[in-house]
Structure formats: structure tokens, C-alpha cells
Amino acid sequence: MTALPIKSIFILAWRNLWRNHRRTLIMLAAITVGAWAMIFMTALMRGMVDDMLLNGIRDLPGEVQIHHPEYRDDPSINNSLGAADEQLVSVMEQPPVTAWTQRVRVPAVISSERESRGVTLIGIDPASETDVGFDAEDVKQGRFLIDADDKGIIIGAKMAERLETRLGKRIVIMSQDPDNNIADRGFRIVGIYKAKLASLEEMYVYAGIGTVQKLLKMVGQVSEIAITGDDYRKVDAWYPRIKQAAGDDKQVLPWYEADSYLGSMLAVMDGFVLVWMVVVFLAMSFGLVNTLIMAVFERVREIGLMLALGMRPATILSQILMESFLLLLIGLLIGNTLAILTIMPLQDGIDISIVAEGMEMMGTSSMLYPALKLQDVILANAVVLILGIITSVLPAWRASRYDPIEALNLSLIHISEP
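A quick note: this is a predicted structure, and the numbers were derived from the prediction, not measured.

Enquirer: Help me understand the overall build of the protein chain in this model?
Expert: Across its full length, the protein chain holds 14 helices and 14 strands. Scored against the burial criterion, the 418 residues of the protein chain give a buried share of 46%. When contacts within the protein chain are restricted to residue pairs at least 6 apart in sequence, long-range pairs at least 24 apart make up 78% of them. With an accessible surface of roughly 20,800 Å², the protein chain has 60% of that area assigned to carbon and sulfur atoms.

Enquirer: Can you walk me through the packing of helix H11 (residues 313-343) against helix H13 (residues 374-400) in this structure?
Expert: Interaxial distance between H11 and H13 falls to 8 Å at its minimum, and their mutual angle equals 150°. The pairing of H11 with H13 is recorded here as roughly antiparallel in orientation. The hand of the H11/H13 crossing is right-handed. Here Pro313, Ile316, Leu317, Ile320, Leu321, Ser324, Phe325, Leu328, Leu332 and Asn336 of H11 lie close against H13, whose contacting residues are Val377, Asn381, Val384, Leu385, Gly388, Ile389, Ser392, Val393, Ala396, Trp397, Ala399 and Ser400. Here the contact of H11 with H13 is built from residues that sort into 16 nonpolar, 6 polar and no charged.

Enquirer: Whenever I open this one, the packing of helix H1 (residues 6-17) against H11 confuses me. Can you help?
Expert: A pair of packed helices is captured by two measures, namely the crossing angle of their axes and the spacing between those axes. At their nearest, the axes of H1 and H11 sit 8 Å apart, and the two run at 60° to each other. As summarised for this structure, H1 and H11 are arranged oblique, according to the angle between their axes. Remark: the crossing between H1 and H11 carries right-handed chirality. On H11, the residues touching Ile9, Phe10, Leu12, Ala13, Trp14, Asn16 and Leu17 of H1 are Thr315, Ser318, Gln319, Met322, Glu323, Leu326, Leu327 and Ile330.

Enquirer: How should I be thinking about the packing of aromatic side chains in this particular structure?
Expert: Each aromatic ring pair is summarised here by two numbers: the centre-to-centre distance and the angle between the ring planes. Counted under the stated rule, the structure contains 4 aromatic pairs. With a centroid separation of 5.7 Å and 75° between ring planes, the pair formed by Tyr193 and Tyr206 is classed as edge-to-face. Residue Tyr193 is found in strand S8 (residues 182-193), and its partner Tyr206 is found in strand S9 (residues 204-208); the two are separated by 13 residues along the sequence. The buried category is assigned to Tyr193, whose relative accessible area is 3%. Above the ring of Phe187, the side-chain terminus of Arg185 is found at 4.8 Å from the ring centroid.

Enquirer: Explanation requested: the pattern of salt bridges in the structure shown.
Expert: Side chains that carry opposite charge are capable of pairing whenever their charged atoms lie near each other. What the rule picks out here adds up to 10 salt bridges. In this structure, the salt-bridge partner of Arg105 is Glu224, at a minimum N-O distance of 3.5 Å. Separated by 119 residues along the polypeptide, Arg105 in strand S3 (residues 97-111) and Glu224 in strand S11 (residues 224-229) bring together distant segments of the chain. A single burial state applies to Arg105 and to Glu224, both of which are buried. Note that Asp150 and Arg143 form a salt bridge whose closest N and O atoms lie 2.8 Å from each other. Taking the relative accessible area as the measure of exposure, Asp150 reaches 6% and is therefore buried. Note on Arg143: relative accessible area 33%, which makes it partly exposed.

Enquirer: Can you walk me through the side chain of Glu224 in this structure?
Expert: Take Glu224: its relative accessible area is 1%, and that puts it in the buried class. Polar contacts involving the side chain of Glu224 include one to the side chain of Arg103, which spans 2.7 Å.

Enquirer: Just checking my understanding: could you explain H1 for this structure?
Expert: Owing to its 3.6 residues per turn, the α-helix brings residues three or four apart onto one side. The end-to-end C-alpha distance of H1, which contains 12 residues, comes to 16 Å, matching closely the 16 Å that a straight helix rising 1.5 Å per residue would cover. Buried within H1 we find Ile9, Ala13, Asn16 and Leu17. Down the axis, H1 shows its buried residues gathered within 100° of arc, on one side only. When the buried face of H1 is taken as reference, the exposed residues oriented beyond 90 degrees from it are Lys7 and Arg15.

Enquirer: Looking at this structure, I do not really get the pairing of strand S7 (residues 170-176). What am I missing?
Expert: It is a general feature of regular strands that their side chains alternate between the two faces of the sheet. Here S7 shows a buried face lined by Ile171, Ile173 and Ser175 and an unburied face lined by Arg170, Val172, Met174 and Gln176. The pairing of S3 with S7 spans 3 bridges and is classified as antiparallel. By the bridge assignment, Ser111 is partnered in S7 with Val172. Sheet topology places S7 next to S8; 7 bridges connect them, and they run antiparallel. Opposite Val172, over in S8, you have Gly186 as the bridge partner. The turn joining S7 and S8, which pair antiparallel and follow one another in sequence, is formed by 5 residues; a positive phi near 65° is taken by Asn180.

The rules behind the values
Just so you know, the residues in each chain are numbered from 1, in the order the chain's sequence is written. Two thresholds apply to this predicted model, a pLDDT of at least 70 for residue-level local features and 80 or more for giving and counting side-chain atom pairs, whereas whole-chain, interface and lining totals are computed over all residues. Side-chain numbers here rest on the full set of heavy atoms in the structure, without hydrogens or water. Counting from the N terminus, the helices are the DSSP runs of H or I reaching at least four residues and the strands are the DSSP runs of E reaching at least two. Only protein chains enter the accessibility calculation, which uses a 1.4 Å probe. A residue is then buried if its area is under 20% of the maximum for its type, exposed if over 50%, and partly exposed in between. Only heavy atoms matter for contacts: two residues are in contact if any of them lie within 4.5 Å across the pair. Computed with a 1.4 Å probe, the accessible areas rest on the Shrake-Rupley method; for each residue, only the protein chains presented here act as cover. Each axis is a line fitted through C-alpha atoms, and for a helix only the stretch in contact is used; angles between axes span 0 to 180 degrees, taken between their N-to-C directions. For classification purposes, angles smaller than 35 degrees are called roughly parallel, those larger than 145 roughly antiparallel, those between 65 and 115 roughly perpendicular, and all remaining angles oblique. Helix crossings get a hand from a simple test, with the near helix turned counterclockwise from the far one by less than a right angle marking a left-handed crossing and a clockwise turn marking a right-handed one. Gly is put with the polar residues, along with every residue not named as nonpolar or charged; the nonpolar set is Ala, Val, Leu, Ile, Met, Phe, Trp, Tyr, Cys and Pro, and the charged set is Asp, Glu, Lys and Arg. For this analysis, a ring pair means two rings from Phe, Tyr or Trp (six-membered ring only for Trp) whose centres lie within 6.5 Å, classed as stacked if their planes differ by under 30 degrees, edge-to-face if by over 60, and tilted for the remaining angles. Think of it as a cone above the ring: NZ of Lys or CZ of Arg counts as a charge over the ring if it is within 6 Å of the ring centre and within 35 degrees of the ring normal. We count a salt bridge whenever a side-chain nitrogen from Lys or Arg sits within 4 Å of a carboxyl oxygen from Asp or Glu. Polar contact criterion, stated in full: a pair of N or O atoms within 3.5 Å, where within protein one must be able to donate a hydrogen and the other to accept it, and residues adjacent in sequence count only if both atoms are side-chain atoms. Each residue after the first adds 1.5 Å to the expected span of a helix. To be clear, the arc concerns the directions from the helix axis to the C-beta atoms. Strands qualify as paired when DSSP identifies two bridges or more between them.

Just geometry here; none of it tells us what the structure is for.
Here's what the structure looks like:
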């Protein structure tokens, strides 16, 4: 007997699959639940890690930063750099870069009528800052800064609480100028913002960059230049161009080098996703192998008869593997559909404020947004299909190696047993 065409193998495998409906349905349920668990839990974990990374990048903020070489070790006003020149600006305005901004960023002391606190004073250009880091919608009371020379200041809700002050009140900012003299100025609070992480509300206060430069006698100087693109995972595609244009006298760092913890977190997450999927599959594979072995055992006589009639062992092997493939494929289709239908209603976020304090320590906000990524879905399906076929090789190989006479005798003995 010549080798059967793929169509005939498919028809035989499909019919054999449904000989025992109960066993097939149980195995389909296991594969479906396994695929759903892989994709759903990965989306939750990916959403949590993405939130941690994005919050960390906003805290920096910027996917690529340019500083004076000594600024990160000593973030003082003396380690400033000149504003971006024409060559650097032209590179920063090329896609995939989406926005860039310049800031003055120095340590300072903020004082109200009752309290004083150490903060980081950030002088910003409101027009470009909203494209890079600060969300004007976070200002819950008052207004956002109008322009670079705005005389007002924006503080966090937690800072306002600590200072026992409120919108419209005056506070005093003190820092150090290039001559190491104390520079201080009164500001009126024009806005109070709420951050996704409450700890940030006590760390940063925002004023117009022009006003801060005049206060600190550093007109034409900035502390950092921050650039962002369309995907924080693809910084390597454009970061080298920025570094070359900035010159050797400046330090240019992507976010994963500026904060090595964030970079390590991304690498660990990508590895954990694969490990998680393999673990889920291993739990599922025992049922798959058992199902195929039982299916083969029930058809020993049939397999022996086909071999005796001249069917090639390779055809038997292909038929059993086709049964496994169809079982996996149906289970994955149902599991993928179920996962997508489960995740879609949660796209607006899951409120986890009940554990907000613990989550904030990890760098995540009180809302968890599942992140369903195509590469994760593809990876989950590939893991199940590839490992599923591999685990199916053993029962399929055993079926193809039966001796026809022994297989027929074995089936007759089995039938004759009481």
C-alpha cells in the first residue's frame, strides 16, 4: 500500500479523534484552560510590568536623556550643559522620535508658613513637557503652567498636605546658584497635581524653565535634555543617532541604562513569560500523552491490520501526529477566543486599590491594565503546538513500530479475556 495523501490522513485522524467523545472533550477542555491561563495571566503580568516600566520612565522621565558627564553623580547646577544646538535638534525631530524637551532639574527646599521639605525643582517648558512626561490632566486643582516664563508653581497633593498649604497660597523655593550662594524666590501655587504613584507627589515641584533659569542665574543652561519615541522597547533603533549628534562631551543614556533596575525588570519579565508558558504546558502535556496512548492502545488491532495490508509505518506515525495536531489546534482556537473575550472587558483597568500601598512599593498604580500583546499570543500558541507535537512523537512512534502479527495477536488476547 502506498503512502496516503495528506487529505486522507486528515480524514482518518479527524474520525479517530471523535471515536471517544468524552475523552476528546476532556482533553480539549484541558488545552483550552491551559491556553486561556497562559494568555490571560501573561496579559495581567505584562500589564503590571509595563505600568512599572512606564511609571519608572516617567519618573526619569524620557526614554533617552542627555546630561553633563558628572550630573548623575552630582546633580548640582554646576554640572549643567548648554541648550540643544541645531544639529542635535534636527536629529531629535526625526522619526521615530516623537517629542523632546529641555529641563532645569536641581535639588531645592520648599517652605510654607508651617513646614519645609526637600524636593527636586524642575523647570519645564509646558508646551514640550506634556509630550514627554507630564500629563496636564494630572493637575486636579488649579491650572497647568502657561509658558516657560510662568511665575507660578505646581506641587503634588501629598506635598500640599505635608506643607499644610493649598491652592493660591505662596511658598518659598530655595536652591543654590553657580556661585554657591543661596537663591530663593516666592512662588504662588497655581496647580496641585495627582500622580499615579503618591510618592512622586512629594518629590517633584514644577515651575517655568525661564523663571527657574533666572532664579538660579543659568540663562541658556539646562540640566538635561529628554527625548521619547513611539515605543520604549525600540530605543536602540534611534538612540545611537542621538548619541552621535550630542557629541562626546555629553552623557547620553537610554532609559534601561539610566535606571538599570528597570532594564533588568524588562529582561526578567520576558524570560518569565516563556517559563510560565512552559510550566503550564508541562502540566497539560501529561493529559495529552495519556490520551494519545489510550487512543493507540484501543486501536492496536486496527493498526496491526493496516500494517499487515502494507501501510507504511511513516503513514501511521503521520496519522497519530495529525490527531495530536488537530486536538491542539481546536483547543488553542477556543482558548485564544476565550482569553480575548475575557481580557477585552478589562481594558479600562482593574481596580486594585485595596492593595494600593503594596503595589506602589513595586512601582505600580492602583489600576491594573491588562496588556494583550500579539507576540505573547503567538508565543503561547507556538509553545503549545511545538511542545505538543514533540510530546506526541512517543505514542505515535510506538504505534508505527508495531509488528503486524504481534499487534493482531495482542488484540485477540485482549478481546478473549473475560
